[in-house]
Amino acid sequence: MAYWLMKSEPDVFGIDHLAAMPDGTDHWDGIRNYQVRNMIRDRMQPGDQALFYHSNTKPPGIAGLMEIVSEPYIDHTAFDPEAKYYDPKSDPDKPRWYMVDVRYTRHFDRYIPLDELKQRPELAEMKLVQKGNRLSIMPVTEDEWQAILAMEKEGA
DNA sequence: GCCAACGTTGGC
DNA sequence: GCCAACGTTGGC
């Protein structure tokens with residue numbers, strides 16, 4: 001089982017939106033970055049756990065937990081000219097983009113802002129806190145996962 | 001295959 | 001709203 005951090009803009013789709021979905025489940029579509037695509041397609045598995053990260057908001061931070069509940073599958077929204085993330089170059093015969101289904105687990109007892117994550121020596125290696133990082137999904141190590149869950153319990 | 005121009009991400 | 005970082009595109 002692997003751990004992940006997945007970013008979304010709460011104004012567009014935040015943890016509350018996911019929690020409100022039937023069965024707390026939705027597909028995580030719109031990935032249009034090859035590095036991220038490869039991680040999804042090649043490494044994500046049902047049962048993997050993920051941190052729900054709120055980006056482009058004040059302050060950015062980790063809002064809660066979710067679980068990967070499907071195998072990776074073709075992101076069909078890429079074929080739909082009406083869809084927000086339509087990609088005319090993705091051919092149904094040779095699809096470019098993949099997604100997974102995720103299910104809401106819970107909100108964190110408290111929101112953990114990016115500022116605080118940056119202060120933790122244990123998390124210094126995370127892509128998240130490094131400059132210029134643009135991955136919307138990134139792997140999280142076991143140690144980092146445990147450190148973040150501990151921060152939730154510690155309080156600010 | 002190079003690389004300048006352009007677009008996007010996302011913190012601030 | 002700004003802008004640094006960096007991925008993608010397309011002319012050559």
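Residues numbered from 1 in each chain as written. Chains lettered and ligands numbered in written order. Predicted model: local features only at pLDDT ≥ 70, side-chain atom pairs only at ≥ 80, totals over all residues. Heavy atoms only, no water.

## Notes on the protein's contact with DNA strand C
- Taken together, Tyr34, Lys89, Lys131, Gly132 and Arg134 make up the full set of residues near DNA strand C.
- When the atoms of DNA strand C within 4 Å of the protein are grouped by moiety, sugar and phosphate amount to 75% of the total.
- Contact between DNA strand C and Lys131: a phosphate oxygen at 2.9 Å from a side-chain N or O atom of the residue.
- Here Arg134 contributes a side-chain N or O atom positioned 2.3 Å from a base oxygen of DNA strand C. (Near = heavy atom within 4 Å. Polar contact = N/O pair within 3.5 Å; in protein donor to acceptor, adjacent residues only side chain to side chain.)

## Things to note about the pattern of salt bridges
- Scanning the model with the defined rule gives 9 salt bridges in all.
- For the salt bridge of Asp109 with Lys153, the shortest nitrogen-to-oxygen distance reads 3.1 Å. You can see Asp109 sitting in strand β7 (residues 101-113) and its partner Lys153 sitting in helix α5 (residues 142-154), a full 44 residues away along the chain. By the burial criterion, Asp109 is exposed, and Lys153 matches it.
- The residue Arg110 makes a salt bridge to Glu116 at a minimum N-O spacing of 2.7 Å. (Salt bridge = Lys/Arg side-chain N within 4 Å of Asp/Glu carboxyl O. Helix = DSSP H or I, 4+ residues; strand = E, 2+ residues; numbered from the N terminus. Buried < 20%, exposed > 50% of the residue type's maximum accessible area, 1.4 Å probe, protein only.)

## Notes on the sheet that holds strand β2 (residues 25-27)
- If you trace the 6 strands from one edge of the open sheet to the other, you get β2-β7-β4-β3-β1-β8, paired in mixed fashion. A single partner strand is all that each edge strand has here, and the edge strands are β2 and β8 (137-140). Across the sheet, the axes of successive neighbouring strands diverge by a mean angle of 35°, strand direction being ignored.
- Sheet analysis places β2 next to β7, joined by 3 bridges and oriented antiparallel. The residue bridging Asp26 from the neighbouring strand is Val102, located in β7.
- Against the sheet, helix α3 (residues 34-43) engages β1 (3-8) and β8, with an angle of about 55° to β8.
- Of the strands in this sheet, β1, β3 (49-54), β4 (61-68), β7 and β8 touch α5, which is tilted by about 55° from β7. (Pairing = 2+ DSSP bridges. Axes fitted to C-alpha atoms, helices over the stretch in contact; angles between N-to-C directions. Contact = heavy atoms within 4.5 Å.)

Bear in mind that shape data such as this cannot, by itself, settle questions of function.
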